[in-house]
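The primary structure of each chain is shown beneath.
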Amino acid sequence: MKVKSALLLLVLTIATVLTGCEPLMVLDPKGPQAERQAHDILLSIGIMSFIVIVVFAILIYVLIKYRASKASPDYEPPHIEGNKWVELICVGIPVIIVTYFSIVSVQSNNIVEAKPIKYQDKDPLVIYASSSDWKWHFSYPEQNIETVNYLYIPTDRPIEFKLYSYGPITSFWIPQLGGQKYAMSDMVTTLHLAADEPGEMMGRNANFSGKGTAENTFNVTAMSEKDFDKWVKDVKKTAKPLSEKKFDELLKPGHLGQMTFTGTHLKFSPAPEHDHSPSAKPEEGQTDHSKMEMDMDMSDHQNHE
Amino acid sequence: MEFFERFAIPNPSLAIYASMVAIGLTVVAIIAGLTYFKKWGYLWREWLTTVDHKRIGIMYLLSALIMLFRGGVDAIMLRAQLAVPDNKLLDPQHYNEVFSTHGVIMVMFMAMPFIFAFMNYVVPLQIGARDVAFPRLNALSFWLFFFGAMLFNISFVIGGSPDAGWTSYFPLAGNDFSQHVGTNYYMIAIQISGIGSLMTGINMITTIMKMRAPGMTLMKMPMFTWSVLVTNLIIVTVFPVITVALAMGTMDRLFGTHFFATTNGGMDMLWANLFWVWGHPEVYILILPAFGIYSEIISTFAGRNLYGYKSMVASMVIISALSCMVWAHHFFTMGQGAVANSFFSITTMMIAVPTGVKIFNWLFTLWKGKIRFTVPMLYSLGFIPLFVIGGMTGVMLAMSAADYQYHNTMFLVAHFHNTIIPGVVFAMLAGLTYYWPKMFGFMLNERIGKWSFWTLTIGFCLAFFPMYITGLDGQARRMYTYSEATGYGPLNMVSFVGAGVMAISFALIVYNVYYSVRYSPRNIGADPWDARSLEWATHTPVPEYNFAVEPQVASSEGFWDAKKKGHALFPGKVEKIHMPNNSGVPFIMGAIFFVLGFSLVFSLWIPAILSLIGILACMALRSFEQDHGRYISVKEIEETETKLRGAK
Amino acid sequence: MKVDHSLPLEYGTKQNGLNIFGFWVFLAAEIMLFATLFTSYFTLEHRTGSGPSGTEIFEIAPVIIETLLLLTSSFTIGLGVHAMRLGRKKAMMTFFVITLLLGLGFLGFEIDEFITYIHDGATLQTSAFTAMLMTTLGTHGLHVTFGLFWGTAILLQVKKRGLTPETANKSFIFSLYWHFLDVVWIFIFSFIYLKGMM
């Protein structure tokens with residue numbers, strides 16, 4: 001039984017660490033979406049641990065009670081076909097648990113896939129986050145500025161990230177604000193996040209995209225709306241404009257530090273047009289680069305659902 | 001010179017050169033050994049040309065063990081690289097190649113042949129048949145798998161290994177982002193062995209549906225045979241999907257089409273969808289036979305019939321149906337929206353119900369039993385709690401909103417290793433120990449076996465449980481390194497230690513084989529475990545015709561009935577037996593497929609076309625050939641029977 | 001080999017029964033293969049990039065001829081199997097030869113169709129749509145090509161060895177294969193050509 005007790009000990013250790021002194025990133029949410037996800041995670045860990053313990057208990061009991069070394073040598077185990085009621089319970093309890101989880105899951109899906117409820121009455125800040133090997137470009141069309149590898153966001157305001165990629169599929173992830181979503185080259189995906197309190201956070205590409213994936217990270221700073229506006233003003237005063245030539249240079253594979261520009265690349269290199277929301281109909285293949293440039297003037301309205 | 005440059009390794013390192021030398025030396029040693037001991041003829045007559053399901057099963061088994069070693073070395077390298085922060089052991093390119101090959105080898109070239117080994121060896125015996133329905137096709141299946149695996153493995157020393165992950169998502173796997181031929185190897189090697197798997201699927205379904213012993217109705221089949229039937233139905237359903245996907249991927253890479261490219265209308269998500277339409281059922285292809293093996297072992301060593309036979313069958317059928325409806329849970333984060341995610345979230349969680357039924361049925365099989373803690377039983381008992389943990393984290397991952405946080409993290413890595421290792425690997429090792437005496441005529445040492453079980457279990461817990469924690473702490477998967485500031489260091493070190501302990505366990509298994517070959521007693525009889533189903537009713541070693549007289553059964557435990565209830569298992573008398581002839585064609589065809597694959601990898605069109613013609617010629621040869629097999633005479637059978645009976 | 005004379009010749013031996021059953025399972029796998037191709041086709045149908053769309057390149061006349069050829073060949077092979085069951089070797093061979101000739105005609109038109117596409121600037125490399133179209137049609141076309149060789153091989157065997165349980169079994173399985181290709185073509189005709197031209 002060594003392993004069984006070792007296992008129990010391990011589960012307990014995990015539980016202690018999970019609730020322990022230094023919280024794990026995902027379980028230390030700084031925004032409403034991550035909070036919901038952390039809630040789901042802890043809830044499921046709780047219920048699942050209960051089931052695990054029940055199975056462990058039955059197993060240990062059976063193994064101790066019915067081991068051959070204890071039974072008399074002429075004991076013949078009976079032939080038992082199965083019992084309707086016992087099996088009904090074995091189906092029923094999992095069904096109840098799965099139903100409960102399904103309800104939670106559907107609710108959570110609708111919550112994380114929409115503007116955070118807490119900030120329902122506020123206009124979202126739209127940020128285009130695009131990845132290239134192995135950098136992140138953040139365009140703020142509203143403010144008309146662009147940053148590379150760092151992200152400033154205001155607190156207490158919903159943020160709508162529009163994600164796409166200049167290369168392999170990447171996944172935009174800020175664990176403390178909420179779970180990830182893919183950025184792909186032929187469509188725009190939308191991720192709704194928000195920050196409740198000021199602070200610095202880690203953000204990264206979580207999807208394997210080649211040699212430089214490990215370093216494909218960015219810093220996220222949440223600050224009050226006032227500080228954010230001040231930062232925007234500063235940028236406009238100090239940063240250089242982003243030219244198409246400069247942007248093409250930025251796209252080359254490699255790693256860059258943090259950079260700041262005025263203007264965004266959306267003007268000369270707009271986001272792809274397939275909007276992968278369930279309502280959007282497939283448009284006729286317009287991902288071709290030359291076509292994309294011709295349709296440039298469309299880029300203003302096409303990404304709003 | 002230019003012609004040969006393509007075969008060079010794009011990112012050479014000392015380790016690769018060392019393995020080139022090692023591979024070269026091994027090949028020379030094997031050739032020299034075979035020549036010195038004059039074993040070429042024996043090898044060709046008895047093994048390379050064999051169509052006997054038992055020998056083919058053993059060849060699958062050996063290949064799987066070799067691949068387990070290769071994949072295991074990959075795993076150790078990965079854990080070593082991550083053991084400390086900012087480690088420089090592997091550079092990113094090598095790390096990427098190693099985790100890509102680790103995944104492909106473990107799934108396609110280790111787990112698959114391992115289950116095929118048991119399917120081949122056990123199923124015909126368990127249903128009382130003389131062989132599978134199409135013995136020669138069976139040999140071809142094996143050789144396609146084998147040469148596919150070899151093709152994949154030489155990528156390491158010729159041209160470069162695949163580096164886009166075992167999932168090879170486009171556009172990363174396309175020519176733009178993965179220029180060297182590695183991904184070509186991936187596409188073509190999996191294609192070749194996949195065709196072999198599909199043929200096995202057809203073969204096994206026909207065998208089980210048409211060749212069962214008299215009295216064995218579908219609901220009287222042993223549980224392992226049921227699991228194999230369901231598994232092969234899944235194989236026939238989903239392998240064509242990966243065939244098409246791989247063909248499209250190959251065309252993107254070799255002919256410049258735009259199926260999955262980023263330009264000209266290509267759609268990278270199509271690959272992800274097709275891959276997982278196959279990929280998810282694929283994990284059930286691996287786990288269902290494992291469930292079958294556990295069912296056999298638990299019932300044998302509990303000394304009881306399997307509890308809830310009907311619900312066991314029903315749950316497998318339901319699992320197989322559901323498995324084809326859950327593929328999108330591998331990319332909840334692709335932005336399908338709340339409705340699609342909710343659908344796939346619910347179907348995924350529903351799988352927990354039939355799986356739960358199976359777990360409870362195993363527990364109830366132990367109930368009122370007389371439990372013997374042999375090595376196969378230990379693996380089966382270790383499987384239950386560990387797999388329950390893996391299953392529970394599976395339900396957690398199925399909650400799509402929360403999955404946004406687990407996706408692409410070590411939490412996910414921990415989850416699927418937690419299901420595959422206790423689920424599949426434990427089952428394979430349990431099956432290996434359980435069927436070893438039937439295959440080779442002696443038992444593996446129990447004491448060493450127990451040591452390897454405990455080290456494997458402890459090593460597994462150490463290696464993978466910490467990943468749940470680092471995953472929740474934001475450690476993404478497939479990252480070749482991390483900084484010290486992240487604080488992932490200590491837990492990754494624990495994982496590395498765990499991987500080391502697991503390595504010790506596998507070394508113990510190898511030692512056990514060596515030890516048992518030398519010291520195990522050979523007079524073990526036909527039924528060393530006091531088992532219940534037909535495969536134990538024939539002699540050890542099993543004669544080539546399996547059963548001298550066709551067995552007749554009245555329940556799923558024909559042999560047990562014969563032992564305890566006086567059921568007449570072999571009522572008929574000996575008649576001459578028809579057996580298929582050996583053939584070299586499957587081996588030669590497999591070898592030509594290897595040449596074809598290699599030529600395609602490097603776009604060498606002339607040899608590719610020539611080998612294609614060669615393959616067609618082999619098929620034509622088979623069509624025109626008149627081979628009606630041969631008969632074993634009654635006299636010969638009786639002589640063999642007397643000899644085997646005497647050997648008891 | 002034990003031959004059970006109460007059954008049709010192609011089912012006569014145990015191995016014959018296994019072969020036919022196994023081939024049905026194989027056809028199930030083939031259905032999945034083509035289903036995957038069709039699904040991918042529907043997904044990529046409108047992703048034409050800078051290349052032409054289906055409406056622009058499809059022509060009804062050759063497609064109708066191809067359809068007629070293949071449908072007729074399915075009928076003639078049916079007659080062939082019927083003749084085989086009656087034990088009329090010569091009639092059976094004649095119908096098989098007609099079937100193969102019709103198949104050859106189909107293939108000729110299909111190759112011509114491909115040449116036209118390439119001439120119209122719709123090559124394998126043009127767009128996801130053209131690649132998918134050519135792969136789906138090509139997979140069917142390759143099946144027909146393989147069938148031509150296979151059918152010829154069987155004809156030669158029937159000619160040499162007569163109608164034995166073995167050759168009858170092969171001929172019957174080949175007819176299953178040929179009917180299957182016909183069914184696939186009906187799907188191609190309806191869901192690729194007709195749908196594409198509308």
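Because the structure is a prediction, the values reported are computed rather than measured. (Residues numbered from 1 in each chain as written. Chains lettered and ligands numbered in written order. Predicted model: local features only at pLDDT ≥ 70, side-chain atom pairs only at ≥ 80, totals over all residues. Heavy atoms only, no water.)

1. What to know about the overall build of chain B
- Scanning chain B from terminus to terminus reveals 21 helices and two strands.
- A compact globule built from 648 residues should have a C-alpha radius of gyration of about 26 Å, and chain B, at 25 Å, falls within 12% of that.
- Taken over the C-alpha atoms alone, chain B extends approximately 70 × 60 × 50 Å along its principal axes.
- For chain B, with 648 residues in total, the buried portion stands at 67%.
- Sequence-distant contacts, at least 24 apart, represent 82% of the contacts inside chain B between residues at least 6 apart. (Helix = DSSP H or I, 4+ residues; strand = E, 2+ residues; numbered from the N terminus. Rg over C-alpha atoms; globule rule 2.2 N^0.38 Å. Buried < 20%, exposed > 50% of the residue type's maximum accessible area, 1.4 Å probe, protein only. Contact = heavy atoms within 4.5 Å.)

2. Structural notes on empty space enclosed by the protein
All names here are of chain B.
- Counted according to the given criterion, the structure contains one cavity of 30 Å³ or more.
- The calculated volume of the largest cavity comes to roughly 70 Å³.
- Val375, Tyr379, Leu429, Leu432, Thr433, Leu444, Gly449, Ser452, Ile509 and Asn512 are the residues that line the largest cavity.
- Broken down by secondary-structure element, the contributors of at least two residues to the lining of the largest cavity are helix H13 (375–398), helix H15 (410–440), helix H16 (446–472) and helix H17 (489–519). (1 Å grid on protein atoms, 1.4 Å probe; cavity = no way out; pocket = protein on both sides within 12 Å on 5 of 7 lines; lining within 4 Å. Points joined across faces, edges and corners; volume = space filled by probe spheres on them.)

3. Brief notes about helix H11 (residues 338–350) of chain B
- Over its 13 residues, H11 of chain B runs 18 Å from end to end, which matches the ideal 18 Å to within 8%, given 1.5 Å per residue.
- Listing the buried residues of H11 of chain B in full gives Ala338, Asn341, Ser342, Phe344, Ser345, Thr347, Thr348 and Met349 of chain B.
- Its buried side turned inward, H11 of chain B meets helix H3 (84–112) of chain A together with helix H10 (309–323), helix H12 (352–366), H13 and helix H14 (400–406) of chain B. (Expected span 1.5 Å × (residues − 1).)

4. Some remarks on the nonpolar core
- Phe109, Phe118, Trp271, Trp362 and Leu366 of chain B are the most contacted members of the largest nonpolar core, which totals 312 residues.
- Setting aside anything within four residues of it in sequence, one finds Phe109 of chain B in contact with Ser63, Ala64, Met67, Val104, Phe145, Gly148, Ala149, Phe152, Ala189 and Ser193 of chain B.
- Formed by 30 residues, the second largest nonpolar core is a distinct cluster that contains Met201, Phe218, Ala222 and Met223 of chain A. (Core = buried A, V, L, I, M, F, W, Y, C linked by side-chain atoms within 4.5 Å.)

5. Some details on the pairing of strand E8 (residues 187–193) of chain A
All names here are of chain A.
- With respect to burial, E8 is a largely interior element, seven of its seven residues being buried.
- Relative to E8, strand E5 (residues 159–165) runs antiparallel, the two being bridged by five bridges. By the bridge assignment, Lys162 is partnered in E8 with Thr190. (Pairing = 2+ DSSP bridges.)

6. Considering the UniProt feature "domain: Heme-copper oxidase subunit III family profile" (unreviewed entry) in chain C
- Taking the UniProt record as the reference, the feature "domain: Heme-copper oxidase subunit III family profile" (unreviewed entry) is found at residues 21–197 of chain C.
- For residues 21–197 of chain C, helix accounts for 86% and strand for 0%, while the C-alpha atoms at its two ends are 39 Å apart. (UniProt positions renumbered as here; feature names shortened; annotations may be inferred.)

7. Quick notes on the pattern of salt bridges
Residues and elements named next belong to chain B.
- One pass over the structure, following the stated rule, counts 23 salt bridges over all chains.
- Across the pair Lys54 and Asp52 runs a salt bridge, and its minimum N-O distance is 3.2 Å. Across this residue pair, the class does not change: Lys54 and Asp52 are buried.
- A salt bridge links Asp527 to Lys563, with the nearest nitrogen and oxygen atoms 2.6 Å apart. Of the two residues, Asp527 sits in the loop between H17 and helix H18 (558–564) while Lys563 sits in helix H18, which places them 36 residues apart along the sequence.
- By relative accessible area, Lys563 is classed as partly exposed at 31%.
- Three or more residues are tied together by salt bridges with common partners; here these are Arg136, Arg622, Glu625 and Asp627. (Salt bridge = Lys/Arg side-chain N within 4 Å of Asp/Glu carboxyl O.)

8. Points about the packing of aromatic side chains
- Counted under the stated rule, the structure contains 110 aromatic pairs over all chains.
- For the pair Trp362 of chain B and Phe383 of chain B, a centre-to-centre distance of 5.4 Å together with 75° between the ring planes defines the contact as edge-to-face. With a gap of 21 residues between them, Trp362 of chain B in helix H12 and Phe383 of chain B in helix H13 connect regions that are remote in the sequence.
- On the accessibility criterion, Trp362 of chain B (0% relative accessible area) is buried.
- Take Phe383 of chain B: its relative accessible area is 0%, and that puts it in the buried class.
- Centroid distance Phe174 of chain C to Trp178 of chain C: 5.7 Å. Interplanar angle 40°. Geometry classified as tilted. One end of the pair, Phe174 of chain C, and the other, Trp178 of chain C, are both in helix H6 (residues 165–197), four residues apart, so they sit about a helical turn from each other. Pair check on accessibility: Phe174 of chain C and Trp178 of chain C agree, each one buried.
- Among the aromatic residues, those joined into a cluster by ring pairs are Trp44, Tyr60, Phe109, Phe116, Phe142, Trp143, Phe145, Phe146, Phe147, Phe152, Phe587 and Phe594 of chain B.
- It is Arg70 of chain B that lies over the ring of Phe156 of chain B; its NZ or CZ is 5.1 Å from the centre.
- The side chain of Arg532 of chain B reaches across the aromatic face of Trp560 of chain B, ending 3.9 Å from its centre. (Phe/Tyr/Trp six-rings, centres within 6.5 Å; stacked < 30°, edge-to-face > 60°. Lys NZ or Arg CZ within 6 Å of the ring centre and 35° of its normal.)

9. Quick notes on the interface of chain B and chain A
- Facing the 95 residues of chain B at the interface are 94 residues of chain A.
- Roughly 8,000 Å² is buried in total at the junction of chain B and chain A, and carbon and sulfur atoms are behind 70% of that figure.
- For the pair chain B and chain A, the number of links is one salt bridge.
- With a shortest N-O distance of 3.5 Å, Lys564 of chain B and Glu76 of chain A are connected by a salt bridge.
- Along the contact surface separating chain B from chain A lie 28 residue pairs in polar contact (both at pLDDT 80 or more).
- Looking at the side of chain B that touches chain A, the elements with two or more residues in it are helix H5 (92–126), helix H9 (268–302), H10, H11, H12, H13, H14 and H16 of chain B.
- Element by element, the count of residues in the side of chain B that touches chain A is highest for H13 of chain B, at ten residues.
- In terms of residue class, the side of chain B that touches chain A is built from 56 nonpolar, 30 polar and nine charged. (Buried area = accessible area lost by both parts, 1.4 Å probe. Polar contact = N/O pair within 3.5 Å; in protein donor to acceptor, adjacent residues only side chain to side chain. Nonpolar A, V, L, I, M, F, W, Y, C, P; charged D, E, K, R; others polar.)

10. Considering the sheet that holds strand E9 (residues 199–205) of chain A
Residues and elements named next belong to chain A.
- One open sheet holds the five strands; their spatial order is E4-E10-E9-E6-E7, and the pairing between them is mixed. The sheet terminates laterally at strand E4 (150–154) and strand E7 (178–183), the two strands that pair on one side only. Here the strands of the sheet are splayed against their neighbours by 20° on average, with no regard to which way each runs.
- Where E4 and strand E10 (residues 217–223) come together, five bridges link them in parallel fashion. In the strand pairing of E10, Pro154 is matched with Met223.
- Across the face of the sheet, helix H4 (residues 225–238) comes into contact with E4 and E10 while running at roughly 130° to E4. (Axes fitted to C-alpha atoms, helices over the stretch in contact; angles between N-to-C directions.)

11. Overview of the interface of chain C and chain B
- Taken together, the 36 residues of chain C in the interface contact 36 residues of chain B.
- Put simply, chain C and chain B have zero salt bridges between them.
- Inspection of the chain C/chain B interface yields nine residue pairs in polar contact (both at pLDDT 80 or more).
- With 17 residues, helix H1 (residues 14–44) of chain C is the single largest residue contributor to the side of chain C that touches chain B.
- Classifying every residue of the side of chain C that touches chain B by side-chain character gives 18 nonpolar, 13 polar and five charged.

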